[in-house]
Amino acid sequence: MSGNTTAATVLGLGAMGSALAGALLDAGRPVTVWNRSADKTKPLVTRGAVAAGSAAEAVAASELAIVCLLDDASVREVLEPASLAGRTVVNLTNGTPRQARELADWVSERGAKFLDGGIMATPPMIGQPGAFVFYSGPRDVFDAHREALDTFGGSNYVGEDPGLAALHDLALLSGMYGQFIGILQAYALIRGAGLSAVEFAPLLSGWLTAMGGFAEQAAAEIDRGDYTQNVVSNLGMQAAAFENLPLAAADQGVSAELLAPLHQLLLRRAADGHGAENLTSVIELLKN
Ligand SMILES: NC(=O)c1ccc[n+]([C@@H]2O[C@H](COP(=O)([O-])OP(=O)(O)OC[C@H]3O[C@@H](n4cnc5c(N)ncnc54)[C@H](OP(=O)(O)O)[C@@H]3O)[C@@H](O)[C@H]2O)c1
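Every value quoted in this text rests on a predicted model; they were computed, and no experiment measured them.

Details of the sheet that holds strand β7 (residues 132-136)
Okay, so step 1: An order of β3-β2-β1-β4-β5-β6-β7-β8 is seen for the eight strands of this open sheet, with the pairing classed as mixed. Pairing within the sheet leaves two strands with one partner each, and these edge strands are β3 (50-51) and β8 (154-159).
Okay, so step 2: When strand β5 (residues 88-91) meets strand β6 (residues 113-120), the two strands line up parallel, connected through four bridges. In the sheet register, T88 faces β6, and the bridge partner there is K113.

Let's talk about the site of the ligand
Okay, so step 1: The local shell around the ligand holds 22 residues, among which M16, N35, S37, K40 and N94 are the closest.
Okay, so step 2: One of the side-chain N or O atoms of N35 is found 2.6 Å from an oxygen atom in the ligand.
Okay, so step 3: Between the ligand and the protein, one listed contact pairs an oxygen atom with a backbone N or O atom of L70 at 3.2 Å.
Okay, so step 4: For the ligand, whose accessible area on its own is 890 Å², the fraction buried by protein is 75%.
Okay, so step 5: Breaking the shell around the ligand down by element, the ones donating at least two residues are α1 (15-26) and α4 (72-79).

So, empty space enclosed by the protein
Okay, so step 1: Applying the stated criterion across every chain yields a total of one cavity of 30 Å³ or more.
Okay, so step 2: By volume, the largest cavity is sized at about 80 Å³.
Okay, so step 3: Forming the boundary of the largest cavity are 14 residues, of which N91, T93, N94, G95 and D116 lie nearest the centre.
Okay, so step 4: Counted by class, the lining of the largest cavity contains three nonpolar, eight polar and three charged residues.

Focus on the pattern of salt bridges
Okay, so step 1: Throughout the structure, instances matching the rule amount to eight salt bridges.
Okay, so step 2: Ionic pairing is found between E80 and R110, a salt bridge with its closest N-O pair at 3.9 Å. Placement of E80 in the loop between α4 and β5 and of R110 in the loop between α5 (97-109) and β6 is noted, with a sequence separation of 30 residues between them.
Okay, so step 3: Judged by relative accessible area, R110 falls into the partly exposed class, the value being 28%.
Okay, so step 4: Ionic pairing is found between D143 and R139, a salt bridge with its closest N-O pair at 3.2 Å.

Side note on the pairing of strand β1 (residues 8-11)
Okay, so step 1: Because side chains alternate across β1, one face comprises the buried residues A8 and V10, and the other comprises T9 and L11, equally buried.
Okay, so step 2: As paired strands, β1 and strand β2 (residues 31-34) are joined by four bridges and run parallel to one another. Note on β2: the bridge partner recorded for L11 is W34.
Okay, so step 3: In the classification by handedness, the crossover that spans β1, the intervening α1 and the parallel β2 is right-handed.
Okay, so step 4: Examined bridge by bridge, β1 and strand β4 (residues 64-67) share four bridges and lie parallel to one another.

Regarding unusual backbone geometry
Okay, so step 1: The backbone of N230 shows a phi angle near 50 degrees, a positive value even though the residue is not glycine.
Okay, so step 2: For N230, the location among the structural elements is in the loop between α9 (214-224) and α10 (235-242).
Okay, so step 3: By relative accessible area, which is 71% here, N230 ends up exposed.

Examining the packing of helix α7 (residues 164-192) against helix α8 (residues 197-210)
Okay, so step 1: The N-to-C vectors of α7 and α8 enclose an angle of 145 degrees; their axes lie 11 Å apart at closest approach. Seen along the crossing, α7 lies across α8 with a hand that is right-handed. Here Q179, I183, A186, Y187 and I190 of α7 come into contact with α8, specifically with A197, F200, A201, L204 and L208.
Okay, so step 2: Along the lines of polarity and charge, the residues of the contact of α7 with α8 split into nine nonpolar, one polar and no charged.

Structural notes on the pairing of β4
Okay, so step 1: Side chains L64 and I66 project from β4 onto one buried face, and the interleaved A65 and V67 project onto a second face that is buried too.
Okay, so step 2: Inspection of the sheet shows β4 paired to β5 by four bridges, in the parallel sense. Bridge pairing in β5 places I66 opposite V90.
Okay, so step 3: For the crossover from β4 across α4 to β5, the handedness is right-handed.

Considering the side chain of D72
Okay, so step 1: Structurally, D72 can be placed in helix α4.
Okay, so step 2: The buried charged residue D72 lacks any salt bridge partner; its closest oppositely charged side chain belongs to R76, at an N-O distance of 4.1 Å.
Okay, so step 3: In this view, D72 contacts T93, Q99 and L103; residues no more than four positions away in its chain are not counted.

Considerations on the packing of aromatic side chains
Okay, so step 1: Overall, the coordinates contain five aromatic pairs when judged by the stated rule.
Okay, so step 2: Note on F132 and F134: the rings are 5.2 Å apart at their centroids and 90 degrees apart in plane angle, and the pair reads as edge-to-face.
Okay, so step 3: Residue F132 is classed as partly exposed on the basis of its relative accessible area of 26%.
Okay, so step 4: Taking the relative accessible area as the measure of exposure, F134 reaches 5% and is therefore buried.

Criteria and thresholds
Residues numbered from 1 in each chain as written. Predicted model: local features only at pLDDT ≥ 70, side-chain atom pairs only at ≥ 80, totals over all residues. Heavy atoms only, no water. Pairing = 2+ DSSP bridges. Helix = DSSP H or I, 4+ residues; strand = E, 2+ residues; numbered from the N terminus. Near = heavy atom within 4 Å. Polar contact = N/O pair within 3.5 Å; in protein donor to acceptor, adjacent residues only side chain to side chain. Areas by Shrake-Rupley, 256 points an atom, 1.4 Å probe, with all protein chains shown as cover. 1 Å grid on protein atoms, 1.4 Å probe; cavity = no way out; pocket = protein on both sides within 12 Å on 5 of 7 lines; lining within 4 Å. Points joined across faces, edges and corners; volume = space filled by probe spheres on them. Nonpolar A, V, L, I, M, F, W, Y, C, P; charged D, E, K, R; others polar. Salt bridge = Lys/Arg side-chain N within 4 Å of Asp/Glu carboxyl O. Buried < 20%, exposed > 50% of the residue type's maximum accessible area, 1.4 Å probe, protein only. Right-handed = clockwise from strand over helix to strand, strands pointing away. Axes fitted to C-alpha atoms, helices over the stretch in contact; angles between N-to-C directions. Left-handed = near helix turned anticlockwise from the far one by under 90°. Contact = heavy atoms within 4.5 Å. Lys, Arg positive; Asp, Glu negative; His and termini not counted. Phe/Tyr/Trp six-rings, centres within 6.5 Å; stacked < 30°, edge-to-face > 60°.

And the structure:
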């Protein structure tokens, strides 16, 4: 315990809010907590937090108010009755860049400073190596509260535009869910053949690690806008090989619906005459 005396309030004590409040307590900060269902304050009060009777009381208790609720609508609902003047609101609720920008304006109209954040960790990771949080909003506000924010993990400031933290967060989550799609499909195929997922897991982990270089390779191609260099696994070949994934899945009683969107895009891009390019060129079909 460092004995840091700068107080903080945490609004929202779901799995994540409780972890954030716990990390602040572990760092020796006075912490005020509030949650819609009051019973969730109990474990934190046992550890030294003060439970506020209302969100407005909780906001009044500290200059720094950290908000971690379900979604943007719940943030507005909880903050609406509170007097925000003179406070700094750090919103760590998952949302879109547009929601973050609109919330920044809404908070600012009420006389408070605002930072938006995107947590790249699960609750047990908070305060542990590997956890990090994106922040965006005024640099001076970030700098003023950096020490408290560092309690949660690495603090990654991504710019003045309040929407940038959410953008970075959602881009990383897009990558993560893409990976989850592949992992679930692989296990469905394995299970469909009566094999053990646990026995197969090391092969899958190793393969995903081996293919991890795609992120860097694709990035360089996208920034160049050129998908024709160093092609060793061309798109046309991959579109043809991809056909076997839904065919094999069907044979084993497995749905291939998770893979269908990428399959369609590969076929379209090949049909458009880009079969000799790298697979990265599919990104050209993702412009709306
Ligand atoms: N868990 C993760 O792995 C993780 C990782 C990164 C980011 N996040 C983000 O962190 C945020 C919180 O996630 P979580 O895991 O803590 O979720 P959670 O365990 O489901 O908790 C949701 C919280 O929101 C509150 N809430 C929901 N609707 C409300 C309303 N209308 N008014 C007041 N309070 C309301 C709940 O209060 P009650 O207790 O009264 O229901 C609870 O405190 C989300 O935006 C999530 O996307 C989570």
